[in-house]
Amino acid sequence: MNETLELMKQSGAFLEGHFLLSSGLHSGGYCQCAKLLRYPDKAAKALAPVVEQIKDLGVTKICGPAMGGIIVSYELARQLNVESIFSERQDGQMTLRRGFEANPGDVILIAEDVVTTGKSTMETVRALEALGASVIGVACVVDRRSSDCALTLPVYAAVRLEIESYEADSCPLCKDGSKPYKPGSRV
């Protein structure tokens, strides 16, 4: 078994059951990476394989979209000895605040906890590119990209998981009588 997945299970970050996702889809599995990332030693181990994949890309900054990408950005930047910044929503748009900058010449990698649809990631990419930075890829703990993923960049992941998602009206878990639970931060 993949070491990152084992660390996720040990820390309660990989859940199995019946979940209502932020997208409105239902799923039998859920990744709550915050439970893994609360342990600095586990975060360092889980992200070490990603660092090996990205260490020669010439990255000057790592940018994590708030909330899920902030700790991932910090840990990757710490291991690479580069700057960590994060984007956050202001007036419904991802932007840099708090004095963070992205400039022409910056080579930036986006950091996420879990990549599923890629929508918030691509919002951050557009914000950084509008400032003149070059965004070259996405690093994450878990790559569980869906078929409708909006990403157009390379993805560097610690683990790739195939977790099936269902429309509510065709969810086999609902048909079996269970009710979905809404995990995560967007409740």
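Residue numbers restart at each chain and count upward from 1, following the sequence in its written direction. Confidence filtering applies because this is a predicted model: local features only for residues at pLDDT of at least 70, side-chain atom pairs given and counted only at 80 or more, and all residues used for totals across whole chains, interfaces and linings. Calculated side-chain values reflect all of the structure's heavy atoms, with hydrogen atoms and water omitted.

A. Structural view of the pairing of strand β4 (residues 83–90). Criterion used throughout: strands pair if DSSP finds at least two bridges between them. The numbering of helices and of strands both runs from the N terminus, where a helix is a DSSP run of H or I of at least 4 residues and a strand a run of E of at least 2. As paired elements, strand β3 (residues 61–65) and β4 share five bridges and run parallel to each other. Bridge pairing links G64 to F86 in β4. Taking the residues between adjacent antiparallel strands as the criterion, β4 and strand β5 (residues 93–96) are bridged by two residues, where D91 takes a positive phi near 55°.

B. The arrangement of the packing of helix α1 (residues 3–11) against helix α3 (residues 40–54) in detail. It is the contact of α1 with α3, at a shortest axis distance of 9 Å, that shows an interaxial angle of 155°. One element, α1, and the other, α3, form an angle in the roughly antiparallel class. Relative to α3, the crossing made by α1 is left-handed. Along its contact with α1, which presents E3, T4, L7, Q10 and S11, the element α3 presents K42, K45, A46 and P49. Classification used: nonpolar for Ala, Val, Leu, Ile, Met, Phe, Trp, Tyr, Cys and Pro, charged for Asp, Glu, Lys and Arg, polar for all others including Gly. Partitioned by chemical class, the residues of the contact of α1 with α3 number three nonpolar, three polar and three charged. Axes, fitted as lines to C-alpha atoms, cover a helix only where it is in contact. Angles between the N-to-C directions of the axes lie from 0 to 180 degrees. For classification purposes, an angle smaller than 35 degrees is called roughly parallel, one larger than 145 roughly antiparallel, one from 65 to 115 roughly perpendicular, and anything else oblique. Take the far helix as your reference; a near helix turned counterclockwise from it by less than a right angle gives a left-handed crossing, and one turned clockwise gives a right-handed crossing. Contact criterion: two residues are considered in contact whenever any of their non-hydrogen atoms come within 4.5 Å of each other.

C. Layout of unusual backbone geometry. Each neighbour pair has its own omega, and for A66 with M67 the value is 5°, a cis peptide bond. Phi is positive for N81, close to 60°, though the residue is something other than glycine. The topology assignment puts N81 in the loop between α4 (69–80) and β4.

D. Examining the sheet that holds β4 more closely. Spatially, β5-β4-β3-β6-β7-β8 is the arrangement adopted by the six strands of the open sheet, whose pairing is mixed. Both edges of this open sheet fall to β5 and β8 (155–160), since each of them pairs with a single strand only. Shown here is a sheet whose adjacent strand axes are inclined to one another by a mean of 25°, direction ignored. Contacting β3, β4, β6 (107–115) and β7 (134–143), α4 runs over the sheet at an angle of about 165° to β3. Contacts from helix α5 (residues 119–130) reach β3, β4, β5, β6 and β7, with the element oriented near 165° to β6.

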